[in-house]
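Letter by letter, the chains look like this.
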Amino acid sequence: MRYETVIGLEVHVELATKSKIFCSCSAHSYGAEPNEHVCPACCGMPGMLPIVNKRVVDYGMKAGLMLNCDINRTTTFDKKSYYYPDLPAAYQTTQWFAPVAVNGLVEIETSKGKKGIRIKQIHMEEDAGKLVHDIREDTTHVDFNRTSVPLIEIVSQPDLSSAEEVEAYLERLKTLLRYAKVAECEMAHGTMRCDVNLSIRPEGSSKLGVRTEMKNMNSIEAIKRAIEYEIARHIDALENGTEVLVQETRRWDDIKGKSFSMRTKETAGDYRYFPDPNVMPVVIDDAWFESIKASLPEFPEVKRERYITEYGLGEYDAEQITKSIALCECFEDAFAVCKSAKDAANWMISEVMSILNARKMTYDMLDLDGKKLGELILLVSDGKVGRANAKKILGAMFEDRDIEPAAYAEANGYVMSSDMGKVEEVVKAVLASDTKAVADYKGGKEKALMALFGRCMKELRGNCDPQALKTILVETIAKL
Ligand code: ZN
Ligand code: MN
């Protein structure tokens, strides 16, 4: 029998706000001591009142609009009750009855073409703390730095049907949320986490099979492996009766390459959702709504089209640069200074992106001042710095954002020599020192000229226009 896979995703994304969702503690505890960024509110002490961080609602709305959702203009918070040591209040403040965004649509593209994935809802909620297990001491410590760090949970409809589609969907979410600058979405940093709800059914059947939820995948690759494993497990159970499938939550173990039962799946009723009386409903008035709408970025496809039609870039170049908002911004700033979209795109793709690739950095990690890149491009196109030396300057600019290309070129001897007298002197000295190469060239060996050219360029430290050097070289040999 042939089967089809039905997948829905719950994606938790950490919002890039400075402070937590209901208090003013820092939301960023990287490098901090355990329990450094905590206060009575985020530790769930009795009597503390939460105050909604407006920026969280801004970002929640932005995310909703990027994913084509309707925004609930009155959005409310609810308590989700469960007990776990990393949740001091024994309930999570989340949204159940009126989440910030509903009914969205995200378009993905795979080898099978384009497909729309419906978004059921996006809700805002607080994160839980972290349990740190110490094997030597045989104890478990609790770190509350992460409690109340703002999250959005993006819940899709069960519209996905393969690991390839899941990957395309997650990449699309990442791109859109990064364009809007609401989140980092880096699975390796835990700022994007994904739970997979999966079931299978005979092809063409409209009845859903038994659904399992999988957690604990730390990369897109792990998610793909987990999905393939789970599909095979479900089919094996149905075809060969190896086990009875039950609705449950399973933990993926990427080292063992297997999923393990964690607990039978809770239903919404188990969580006893009820409106949180401590958090006032958030009413989004027209002015607020419109200001968020106006702050949305150009969508990647719109940008790509504009780069092609307005800036005259080729389709490939436009596609490459619009992969990341960080690349787009660097390119646009460089273009504004050097005034040549072609040069700016060329430097972005053949130099900037290859440095990022070589350093195994993501495009979003680019931290280069685009205006300074534009200045560097101008130095090259004005014939002030040779291309090879310009690359060295760019490498230095990656290390230090404060480097001014022109001053740096000057200080490091990367300025092209306009003193042709000096070039002639170097050429004469090189020719005098290698009479064999000169004779070889005169005897018809073209390669000998390239060797002489290379030696002259080295002597000049790359600071000479190659065409001018070649002309002087050929003319000087002719006079010998
Ligand atoms: Zn706090
Ligand atoms: Mn959640």
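Residues numbered from 1 in each chain as written. Chains lettered and ligands numbered in written order. Predicted model: local features only at pLDDT ≥ 70, side-chain atom pairs only at ≥ 80, totals over all residues. Heavy atoms only, no water.

Observations regarding the side chain of Asp-253
Convention followed: Under the scheme used here, helices are H or I runs from DSSP no shorter than 4 residues and strands are E runs no shorter than 2 residues, and both carry numbers assigned from the N terminus. Buried means the residue's accessible area, taken with a 1.4 Å probe over protein chains only, is under 20% of the maximum for its type, while exposed means over 50%, and partly exposed covers the values in between. Under this definition, polar contacts are N or O atom pairs within 3.5 Å; protein pairs additionally need one hydrogen-donor-capable and one acceptor-capable atom, and for neighbouring residues in sequence, both atoms have to be side-chain atoms. Whether two residues are in contact is decided by their heavy atoms, any of which lying within 4.5 Å being enough.
For Asp-253, the position within the fold is in strand E13 (residues 248-253). When its relative accessible area of 12% is taken as the criterion, Asp-253 is described as buried. Within polar-contact distance, the side chain of Asp-253 engages the backbone nitrogen of Lys-256 at 3.0 Å. Look past the residues within four positions of Asp-253 in its chain and what remains in contact with it is Lys-258 and Phe-260.

A closer look at the coordination of the manganese ion (ligand 2)
Formally: Sites may look incomplete, because water is not among the atoms used; the donor set itself consists of N, O and S atoms within 2.8 Å of the metal (3.2 Å for Na, K and Ca).
Only His-12 (NE2), Glu-125 (OE) and Glu-153 (OE) from the protein reach the manganese ion (ligand 2) as donors, at distances of 2.0 to 2.2 Å. Look at where the donors of the manganese ion (ligand 2) fall in the sequence and you get H-x112-E-x27-E. Of this pair, His-12 sits in strand E1 (residues 3-14) while Glu-153 sits in strand E10 (residues 150-156), and the two are 141 residues apart along the sequence. Accessibility assignment for this pair places His-12 and Glu-153 in one class, buried.

Examining the domain arrangement of the chain
Stated formally: What marks off one domain from the next here is an automatic or database domain assignment.
You can read the domains of the chain as domain 1 (3-286), domain 2 (298-411) and domain 3 (420-479). On a C-alpha basis, the centroid separation for the pair domain 1 and domain 3 is 66 Å.

A few points about the coordination of the zinc ion (ligand 1)
Surrounding the zinc ion (ligand 1) are the protein donor atoms Cys-23 (SG), Cys-25 (SG), Cys-39 (SG) and Cys-42 (SG), which sit 2.3 to 2.4 Å from the metal. Between consecutive donors of the zinc ion (ligand 1), the numbers of intervening residues give the motif C-x1-C-x13-C-x2-C.

Topic: the packing of aromatic side chains
What counts, and what does not: Between 30 and 60 degrees the pair is tilted, below 30 it is stacked and above 60 it is edge-to-face, where a pair is any two Phe, Tyr or Trp rings, Trp via its six-membered ring, whose centres lie within 6.5 Å. Either the NZ atom of lysine or the CZ atom of arginine qualifies as a charge over a ring when it sits within 6 Å of the ring centre and within 35 degrees of the ring normal.
Evaluation of the coordinates by the stated rule reveals ten aromatic pairs. Judged by centre distance (6.0 Å) and plane angle (50 degrees), the ring pair of Tyr-311 and Phe-331 falls under tilted. In this pair, Tyr-311 is assigned in the loop between helix H5 (300-309) and helix H6 (315-321) and Phe-331 in helix H7 (residues 325-338), connecting sequence segments 20 residues apart. Cluster of aromatic residues (ring-pair linked, three or more members): Tyr-82, Trp-96, Tyr-271 and Tyr-273. Across from the ring centre of Phe-289, 4.4 Å away, lies the NZ or CZ of Arg-73, which sits over that ring.

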